[in-house]
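# Commentary on secondary and tertiary structure
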Amino acid sequence: MNEPLNIDWATLPFGYLKTDYNVRSYFKDGKWSDIEVSDSENINIHMAATSLHYGQEIFEGLKAFRGVDGKIRIFRLHENAQRMRESAMGLCMEPIPVELFEEMVVKVVKLNERFIPPYGTGASLYIRPFEIGTSASVGVRKASEYLFMVLVTPVGPYFKTGFGLTNICIFREYDRVAPKGTGRWKVGGNYAAALAAGERAHAMGYSAVLFLDPKEKKYLDECGPANFFAIKDGVYITPESESILPSITNKSFMQLAKDMGIKVEQRHITVEELAEVQEAAACGTAAVASPIGEVDDIDTGHKYVIATDGKPGPVTTALYKKLRAIQYGEEPDVHGWCTIVE
Ligand SMILES: *Cc1c(COP(=O)(O)O)cnc(C)c1O
């Protein structure tokens, strides 16, 4: 198990690479089990488990970083623990106690310490907690038993060729979630529902789909796996919607923007307002911020060119750099966002 690692951290993709251990806890007879440490990549569940048939699956995504001082930092652990409880309640699943979530994430990071990429490579350790309904049910009902587990995998820098622009599109014939549906929770099924639109967008050369609000199809919602924000006349604007996931990266940017004296507005943003913004980006744990060059509204044929000079804008760049500096311990963590793993 301790053969030396031969990983080229700088060229690591954003994908799965086997690590040493994962951690698991089972909910049964009204309580969560002691934490189990496993070196197996497989799980053994009943073929009639509710997760397989009725979609009882939720997840989280966060990262651990090796800092400039050599310390390991987990970014916004507590926020992720709380959001996972919201997701569980949304799907009638057993909410994971915050303390159990935090203990398991810290434990799995420590157990796989040798997979945390060195400082300066731009890589990090991606942490994927997830919960599934495991008890058998052919009738539609919630499970009585659940498995909560956490896997980790080192991931490369999202931007291999530097912080670059990508183009995204709007498809009016697809919705990823319903108006008062599961969009506000981190649910695997939301991703399945967005795959067809995403595949079509990729085939057309776009990096993502910008979904509209599913009720009126007038306002911007979010990009499949990331929130959306824009800079309009010096103001940070981001959609207010019941059908999007409250991104912790977006929440962090809103705070950093306020710290920089930038006004923040969380409100409806119409598609047409894209013509009036100077910068736009998708944001989430994976990319932090992915600046957008152009948004093409496929069904109307309208093209909104955002980055008119072909470069990421100054506000997006400043927010991106600031967040990364906090994650790598280069700048003080004044809001207490990082958990240092001792
Ligand atoms: C995970 C996710 C995001 C990004 O959230 P972060 O907490 O910033 O990683 C945005 N939208 C959806 C639908 C997501 O699942």
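In case you missed it, the structure is sitting above this.
This report concerns the structure included in the present document. (Residues numbered from 1 in each chain as written. Predicted model: local features only at pLDDT ≥ 70, side-chain atom pairs only at ≥ 80, totals over all residues. Heavy atoms only, no water.)

## Concerning the overall build of the chain
In terms of regular secondary structure, the chain is built from six helices and 18 strands. Since a compact globule built from 342 residues should have a radius of gyration of about 20 Å, the 20 Å found for the chain is in line with a globular shape. Counting only C-alpha atoms and orienting by the principal axes, one finds that the chain spans roughly 55 × 50 × 35 Å. Relative to its 342 residues, the chain shows a buried fraction of 52%. When contacts within the chain are restricted to residue pairs at least 6 apart in sequence, those whose partners lie at least 24 apart make up 72%. Accessible surface, the chain: about 15500 Å² in total, of which carbon and sulfur atoms supply 52%. Positive and negative side-chain charges in the chain, numbering 37 and 45 respectively, have mean positions lying 1 Å apart. (Helix = DSSP H or I, 4+ residues; strand = E, 2+ residues; numbered from the N terminus. Rg over C-alpha atoms; globule rule 2.2 N^0.38 Å. Buried < 20%, exposed > 50% of the residue type's maximum accessible area, 1.4 Å probe, protein only. Contact = heavy atoms within 4.5 Å. Areas by Shrake-Rupley, 256 points an atom, 1.4 Å probe, with all protein chains shown as cover. Lys, Arg positive; Asp, Glu negative; His and termini not counted. Charge placed at Lys NZ, Arg CZ, Asp CG, Glu CD.)

## Thoughts on the site of the ligand
As a matter of local geometry, the ligand sits amid 15 residues, with K186, Y191, S247, T249 and T285 nearest to it. Within the contact set of the ligand, an oxygen atom lies 2.7 Å away from a side-chain nitrogen or oxygen of K186. Within the contact set of the ligand, an oxygen atom lies 2.9 Å away from a backbone nitrogen or oxygen of I248. Taken together, the residues of the shell around the ligand break down into five nonpolar, six polar and four charged. (Near = heavy atom within 4 Å. Polar contact = N/O pair within 3.5 Å; in protein donor to acceptor, adjacent residues only side chain to side chain. Nonpolar A, V, L, I, M, F, W, Y, C, P; charged D, E, K, R; others polar.)

## Overview of the packing of aromatic side chains
Tallying each qualifying case throughout the model produces 11 aromatic pairs. With a centroid separation of 5.6 Å and 65 degrees between ring planes, the pair formed by F171 and Y174 is classed as edge-to-face. According to the relative accessible area criterion, F171 is buried, its value standing at 3%. An angle of 65 degrees between the planes, with centres 5.6 Å apart, marks the rings of F229 and F253 as edge-to-face. With F229 in strand β12 (residues 227-232) and F253 in helix α5 (residues 248-259), this residue pair connects regions lying 24 residues apart in the sequence. For F229, a relative accessible area of 0% corresponds to the buried category. The exposure class assigned to F253 is buried, which follows from its relative accessible area of 0%. Among the aromatic residues, ring-to-ring pairing joins F65, Y119 and Y328 into one connected group. (Phe/Tyr/Trp six-rings, centres within 6.5 Å; stacked < 30°, edge-to-face > 60°.)

## Here's the deal with the pattern of salt bridges
Once the charged atoms of two side chains with opposite charge are near each other, the side chains can pair. Going through the model one piece at a time under the given rule, you end up with 19 salt bridges. With its nearest N and O atoms 2.6 Å apart, the salt bridge here joins R172 to D297. A residue pair is termed long-range when its members are at least 10 positions apart, and R172 in the loop between β9 (166-170) and α4 (188-203) and D297 in strand β16 (residues 288-297) qualify at 125 residues. E276 serves as the salt-bridge partner of K232, at 3.0 Å between the closest nitrogen and oxygen. (Salt bridge = Lys/Arg side-chain N within 4 Å of Asp/Glu carboxyl O.)

## Comments concerning unusual backbone geometry
Here the phi dihedral of D233 falls at roughly 50 degrees; this positive angle occurs in a residue that is not glycine. Among the secondary structure elements, D233 is positioned in the loop between β12 and β13 (235-239). A positive phi angle is found at V288, which is not glycine, with a value near 70 degrees. Looking at the element boundaries, V288 is found in strand β16.

## Points about the pairing of strand β6 (residues 72-75)
The side-chain alternation of β6 yields two buried faces, one formed by I72 and I74 and the other by R73 and F75. Bridge count between strand β5 (residues 62-66) and β6: three bridges; the pairing is antiparallel. Each residue of the ladder has a partner; that of A64, found in β6, is I74. (Pairing = 2+ DSSP bridges.)

## Some points on α4
The terminal C-alpha atoms of α4 lie 22 Å apart, and with 16 residues this matches the ideal 22 Å at 1.5 Å per residue to within 8%. Of all the bends in α4, the greatest measures close to 45 degrees and is centred on L195. Within α4, burial applies to N190, A194, A197, G198 and A201. Just downstream of α4, G205 is the residue with a positive phi angle, here 90 degrees. (Expected span 1.5 Å × (residues − 1). Bend = angle between axes of the 7 residues up to and from the residue.)

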